[in-house]
Amino acid sequence: MYKGEHKVLIANRGEIAIRIARACLELNQNFVCVYTEADSESGHVRFAREHGGEESLFRISSYRDANEIFSVADCSGASAIHPGYGFFAEDFRFARRVIRREKPLIFIGPSWRVIQELGDKINTKRLARRLGVPTVPGSDSPIYDELEAVELADSLFAFQREQGFQAPAVMVKASAGGGGMGIEEVNDPDEFRSVYRRIRNYAKRQFNDEGVLIEQRIYGFNHLEVQVVCERSGKKHVHFGTRNCSVQSSGNQKRIEVAPGFAPNEIHYIFNAAEVLESITEHSLSMARAVNYDNVGTWEWIVTPRGEPFLMEVNTRIQVENGVSAAIAAIKGEHGVNIIREQIRLGLGDPIIYSQQDVELSGVAIEYRIIAENPDKEFAPWVGTIEKFGWQEQDWLEVYTQVPTDRAYEIPTEFDPNLALAIVRGENLDHAKRRGQEFLSNLVLQGQDRAGRKLESNISYLIDKTSGLLEF
């Protein structure tokens, strides 16, 4: 058990900062929030002020400045840091610095060694292949040499043509990247060299590592994830099921997530969907055991229309969509599972006090990412002021947002225009879909930009995509 009270510095912003702060309160732990000038009207600032007082708020110039974060930690007397997602969440150097500095802190997330090992796609692929976990055909070591890259790409194109693929393609990825960044598709072998050079240069700028991963393009797949929660000892591992994140923007950024990952009782698949879900879950746990994984993590998979699963990567952090998995879960019959709260509790040294058999998964949950963007124009972000934002409260609905509902809110231009996450629960997929469309149709969301043009959002896009969820 963790001893005494801790003060958790939340090194993030917006809705995730609110959810972390709320979880701290539920665990009787203190918290500290940081904010920039652009976020002075954000809901996480208001929440901190109301629940922790002015002493729980520190203004900084950037969420990406580690020195500022540590300065706040020292000034506030924080004993732990929670990075949320994004920013420093998967930066093993930051996590290592947290625990090795002159005034060491607790890093609420996996240990830096685990982040380092699984944060690199190459290392992850090697580990997976060693354990018999299926991975996408392609390189399993960083490719720095252009001639070697061209040779591998040519072999993948040739293999796909031999297999009868109508449109062979390869994916070129920054090996140290993640979250859909640093990835391009190549359909024409003659264009491969220029794409390879572009991704290599991008990787060097963004990650200080020119390593590139080249893989076969998998068509028509569904994107599934397995939510894993582990004890700090690295010896006990529990999963909270699967989720499907196949509805994505043109830039591979998720827009809708559904738990569980398939609905075999409601949708006909040409493969045994329940067996696939069981397979990717066990493979994910086998990797967690192999590396002594010691906090929350997500194993990301693609599943082909024929039911073939391939591991993509491991996200060594809490994910945006953690709540949709929690929404269908109960522990020893008790609902109200909160994976962020579990992450904090376990990160501070508490043990897992339940077994896999104690975790029950039932029903279906859908998470919508409500964003000020125009899906018809390549999901171009919209910038302006939110004038009205509201929804009808329901016992089957949770909405997480940093946008005030009682006053105007100007969307900061420094960040993505994410407005809210909404999680809808239902008894089955059809039930959840009907509730999701009801929520979206009744949502009040109005605003305008400085030129007087009306707010653009992805609400209509989310409504349209709801009808085909979990289908190939």
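What you see is a predicted model, and the numbers here were worked out from it, not measured in a lab.

### Thoughts on the overall build of the chain
In terms of helices and strands, the chain carries 13 helices and 23 strands. By the compact-globule yardstick of 23 Å for 472 residues, the chain fits well, its C-alpha radius of gyration being 22 Å. Projected onto the principal axes, the alpha-carbon positions of the chain cover approximately 65 × 50 × 50 Å. When the 472 residues of the chain are sorted by exposure, 56% land in the buried category. Sequence-distant contacts in the chain: of pairs separated by 6 or more residues, those separated by 24 or more amount to 68%. Working note: accessible area of the chain is about 20,500 Å², and carbon and sulfur atoms make up 44% of it. Side chains of the chain give 54 positive and 68 negative charges; the mean places of these two sets differ by 3 Å.

### Observations regarding the pattern of salt bridges
Going through the model one piece at a time under the given rule, you end up with 34 salt bridges. The salt bridge partner of K254 is E300, with a shortest N-O separation of 3.4 Å. With K254 in strand 11 (residues 254-259) and E300 in strand 12 (residues 296-303), the pair connects residues that are 46 residues apart, well separated along the chain. We note that K254, like E300, is buried. Here R407 and D406 are joined by a salt bridge, their closest N and O atoms 3.8 Å apart.

### A look at a negative patch on the surface
Together, D145, E148, E151 and D154 give the surface a local cluster of negative charge. Topologically, D154 is positioned in helix 7 (residues 146-162).

### A closer look at the sheet that holds strand 4 (residues 80-82)
Strand order across the open sheet formed by 5 strands is 3-2-1-4-5, with parallel pairing between neighbours. Whereas interior strands pair on both sides, the edge strands pair on one side only; in this sheet they are strand 3 (57-59) and strand 5 (106-107).

### Regarding the packing of aromatic side chains
What the rule picks out here adds up to 19 aromatic pairs. With centroids separated by 6.4 Å and ring planes inclined at 35 degrees, the aromatic side chains of F31 and F47 adopt a geometry described as tilted. Here the residue F31 occupies a position in strand 2 (residues 30-35), and F47 occupies one in helix 2 (residues 43-52), the gap between them amounting to 16 residues. For the pair F31 and F47, one class covers both residues: buried. Geometrically, the ring pair formed by F94 and F107 is edge-to-face, given 6.4 Å between the ring centres and 70 degrees between the ring planes. Taken together, the positions of F94 in helix 4 (residues 92-100) and F107 in strand 5 put the pair 13 residues apart, joining distant regions of the chain. Each member of the aromatic cluster is reached from another via a ring pair, and the members are F70, F88, F94 and F107. Of note, R19 hangs over the ring of Y400, and the distance from its end group to the ring centre comes to 3.9 Å. In this arrangement the basic side chain of R217 is found over the ring face of Y219, its NZ or CZ atom lying 4.7 Å from the centre.

### Considerations on the layout of surface pockets
In this model, the second largest pocket occupies a volume close to 910 Å³. Taken together, 40 residues form the lining of the second largest pocket, with R19, R22, E398, V399 and Y400 sitting closest to its centre. Taken together, the elements giving at least two residues each to the lining of the second largest pocket come down to helix 1 (14-26), helix 2, helix 10 (322-326), helix 11 (339-347), strand 20 (397-401) and strand 22 (418-426). In terms of residues, the lining of the second largest pocket owes the most to one element, helix 1, which gives 6 residues. Looking at the lining of the second largest pocket residue by residue, the class counts come to 17 nonpolar, 13 polar and 10 charged.

### Description of the sheet that holds strand 7 (residues 183-186)
Sheet architecture is open: 3 strands sit in the order 7-6-8, paired in antiparallel fashion. The open sheet has two free edges, formed respectively by strand 7 and strand 8 (212-216), since each of these has just one partner strand. Pairs of neighbouring strands in the sheet enclose a mean axial angle of 20 degrees, with direction left out of account. In this sheet, strand 8 lies alongside strand 6 (residues 170-174) in antiparallel orientation, the contact comprising 5 bridges.

What counts and what doesn't
Residues numbered from 1 in each chain as written. Predicted model: local features only at pLDDT ≥ 70, side-chain atom pairs only at ≥ 80, totals over all residues. Heavy atoms only, no water. Helix = DSSP H or I, 4+ residues; strand = E, 2+ residues; numbered from the N terminus. Rg over C-alpha atoms; globule rule 2.2 N^0.38 Å. Buried < 20%, exposed > 50% of the residue type's maximum accessible area, 1.4 Å probe, protein only. Contact = heavy atoms within 4.5 Å. Areas by Shrake-Rupley, 256 points an atom, 1.4 Å probe, with all protein chains shown as cover. Lys, Arg positive; Asp, Glu negative; His and termini not counted. Charge placed at Lys NZ, Arg CZ, Asp CG, Glu CD. Salt bridge = Lys/Arg side-chain N within 4 Å of Asp/Glu carboxyl O. Patch = residues over 30% accessible without salt bridge, like charges linked within 9 Å, V, L, I, M, F, W, Y side chains within 5 Å. Pairing = 2+ DSSP bridges. Phe/Tyr/Trp six-rings, centres within 6.5 Å; stacked < 30°, edge-to-face > 60°. Lys NZ or Arg CZ within 6 Å of the ring centre and 35° of its normal. 1 Å grid on protein atoms, 1.4 Å probe; cavity = no way out; pocket = protein on both sides within 12 Å on 5 of 7 lines; lining within 4 Å. Points joined across faces, edges and corners; volume = space filled by probe spheres on them. Nonpolar A, V, L, I, M, F, W, Y, C, P; charged D, E, K, R; others polar. Axes fitted to C-alpha atoms, helices over the stretch in contact; angles between N-to-C directions.

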